[in-house]
Structures are given as structure tokens and as C-alpha cells.
Amino acid sequence: MSSTRPRLTAEERRAAVLDCACGIFSKGSYRGTTTAEIARHAGVTEPILYRHFESKRDLYLACLDNAWEACRAMWEAAVDAEPDPALWVGAMGNAYLQARDKRGLIANLWIQALTEASDDPEIRRYLKGHLRDVHEFITDVIRRSQKDGGIPAQHDPEAEAWIFISIGLLATVSQRLGSMLQDDFPAIVASRRRWLAGRAE
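Being a predicted model, the structure only gives us computed values, none of them experimental. (Residues numbered from 1 in each chain as written. Predicted model: local features only at pLDDT ≥ 70, side-chain atom pairs only at ≥ 80, totals over all residues. Heavy atoms only, no water.)

## A closer look at the overall build of the protein
Item 1. From N to C terminus, the protein includes nine helices and zero strands.
Item 2. Mapped from its N terminus to its C terminus, the protein presents α and β elements in the order α-α-α-α-α-α-α-α-α.
Item 3. Expressed along its principal axes, the backbone C-alpha trace of the protein runs to roughly 60 × 45 × 30 Å.
Item 4. Buried positions account for 45% of the 201 residues belonging to the protein.
Item 5. Put simply, of all contacts in the protein between residues at least 6 apart along the chain, 65% involve residues at least 24 apart.
Item 6. Total accessible area on the protein is roughly 11600 Å²; 51% of this is exposed by carbon and sulfur atoms.
Item 7. Put simply, the protein has 26 plus and 28 minus side-chain charges, and the middle of one group is 4 Å from the middle of the other. (Helix = DSSP H or I, 4+ residues; strand = E, 2+ residues; numbered from the N terminus. Buried < 20%, exposed > 50% of the residue type's maximum accessible area, 1.4 Å probe, protein only. Contact = heavy atoms within 4.5 Å. Areas by Shrake-Rupley, 256 points an atom, 1.4 Å probe, with all protein chains shown as cover. Lys, Arg positive; Asp, Glu negative; His and termini not counted. Charge placed at Lys NZ, Arg CZ, Asp CG, Glu CD.)

## Re the confidence of the model for the protein
Item 1. Scored by pLDDT, the protein has a mean of 86; 92% of the residues are at 70 or more.
Item 2. Per-element confidence in the protein is highest for helix 7 (residues 121-147), whose mean pLDDT is 94, and lowest for helix 6 (residues 107-117), whose mean pLDDT is 77. (pLDDT = per-residue confidence, 0-100.)

## Some thoughts on helix 7
An α-helical turn contains 3.6 residues, so any two residues separated by three or four positions project in the same direction.
Item 1. Over its 27 residues, helix 7 extends 39 Å from the first C-alpha to the last, a length consistent with the 39 Å expected when each residue adds 1.5 Å.
Item 2. N-capping of helix 7 is provided by D120, with a side-chain oxygen placed 2.9 Å from the backbone N of E122.
Item 3. Positive phi appears at G149, one or two residues downstream of helix 7, with a value of about 80 degrees. (Expected span 1.5 Å × (residues − 1). Polar contact = N/O pair within 3.5 Å; in protein donor to acceptor, adjacent residues only side chain to side chain.)

## Quick word on the packing of helix 4 (residues 56-81) against helix 5 (residues 88-97)
Item 1. The N-to-C vectors of helix 4 and helix 5 enclose an angle of 130 degrees; their axes lie 8 Å apart at closest approach. One finds that helix 4 runs oblique with respect to helix 5. Of the two possible hands of crossing, helix 4 and helix 5 adopt the one that is right-handed. Residues C71, M74, W75, A78 and V79 of helix 4 form the contact with helix 5, whose participating residues are W88, A91, M92, A95 and Y96.
Item 2. Partitioned by chemical class, the residues of the contact of helix 4 with helix 5 number ten nonpolar, no polar and no charged. (Axes fitted to C-alpha atoms, helices over the stretch in contact; angles between N-to-C directions. Parallel < 35°, antiparallel > 145°, perpendicular 65-115°, else oblique. Left-handed = near helix turned anticlockwise from the far one by under 90°. Nonpolar A, V, L, I, M, F, W, Y, C, P; charged D, E, K, R; others polar.)

## Details of the side chain of R193
Item 1. Within the element layout of this structure, R193 appears in helix 9 (residues 185-197).
Item 2. Accessibility expressed as a relative area gives 16% for R193, which makes it buried.
Item 3. Within polar-contact distance, the side chain of R193 engages the side chain of N94 at 2.9 Å.

## Quick notes on the packing of aromatic side chains
Item 1. Under the criterion given, the structure shown has eight aromatic pairs.
Item 2. Ring plane angle 25 degrees and centroid distance 6.1 Å describe the contact between F25 and Y30, whose orientation is recorded as stacked. Taken as a pair, F25 and Y30 share a single burial class, namely buried.
Item 3. With 4.9 Å between their ring centres and 65 degrees between their planes, Y30 and Y60 make a pair best called edge-to-face. With Y30 in the loop between helix 1 (10-27) and helix 2 (35-42) and Y60 in helix 4, this pair connects stretches of sequence that are 30 residues apart. For the pair shown, Y30 and Y60 are each scored as buried.
Item 4. Of the aromatic side chains, those joined through ring pairs into one cluster are W68, W75, Y96, F137 and F164. (Phe/Tyr/Trp six-rings, centres within 6.5 Å; stacked < 30°, edge-to-face > 60°.)

And the structure:
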């Protein structure tokens, strides 16, 4: 008795290719990854892949969007689960550092995109807008915390949001260098959280 796998819809196939590509890009590099490799791992042909994504760059940029969607959902859930507004940003950081769904670890793709930005004006333009969206989200969380009496009003929300992003990048750099800051990173995070909340956690 034989069984056949159900045919995927075009939307499901696109999602499967995207999910596969995001995993490969996150572990490897943009330049070192080929569409042939992605298609092979996704179980499709290259012509099928190109029906959904016009180029490797388009697929890569879609991965950035996909990772941000997963990261934003993770952060929204972390904020919703934390009753103390002073700890919302810390809850977001914890969620990121302890993420089980690796799709949300967006800084992995940022590191790669930064290496491509000098050579590809389209990636550079896209990454700028993308980072502004992430920054706007974090800034909004900080402002809401200030409004609810969490983070002290004297802290600049926009500046603090950029610092939060930079710590995420630092964590990714550390990981890629063999956990270089493994011993120092907890103290870095704790110091920032004390500063932001205006008190010890």
C-alpha cells in the first residue's frame, strides 16, 4: 500500500522555501549560499524557487521580513507576559537570548546584510528601512513603559532603543566568535537593565 504526500499550495510551497532559506542564510552567508542549495534543501527545483522569488536577493530580503515578524511576535508576547512595565525591555532581551524559535534571531541576518550593504545599494536601502522599523517598535515599548511609570522619564527612548539593538548585535558577534563575551555578557545586560529601570531588578 503506497501513500502520496499531499501537494502543497503555492502559498505553502513559498512558505516552505522561505523557511528553509532563512535557516541556511542564518547559519552560513549570503554570498556563500546558492539558490541551488536552497532549492535542494527545500525539495524543489530552482525554476520552482524562482516562481516565488525573482532573485537570491529578493529571497534574502524576504528572510529579513520573516525574521522580524517572528522576532516582533516574540517580543510582543514577552511584554504581554510581564506585569511590571519597568521590566518590559528586559523581558524582550530575555526572550531573544533564550529563543527556541531561531527564526526570530534577526541579528544573525543583520550581520550578513551589513557585509553586503557596501556592495549592494538595494540591500543597503532595504536594511536602513528595516532597522528603522525595529527601532520604532522598541522605542514605542520604552515610551509606553515611561507612560506607565516603569522606565524613568529622563531616559531618551530613541537612544535607549538603539542601545538595545546594539546589545543584540554584540551578543551575535560574541556567539560567532565562540562565545567570546560569555563571562562578561551577563554583567553587561544587568548593568543596562539597572540603568534603564532606574533600580535593581
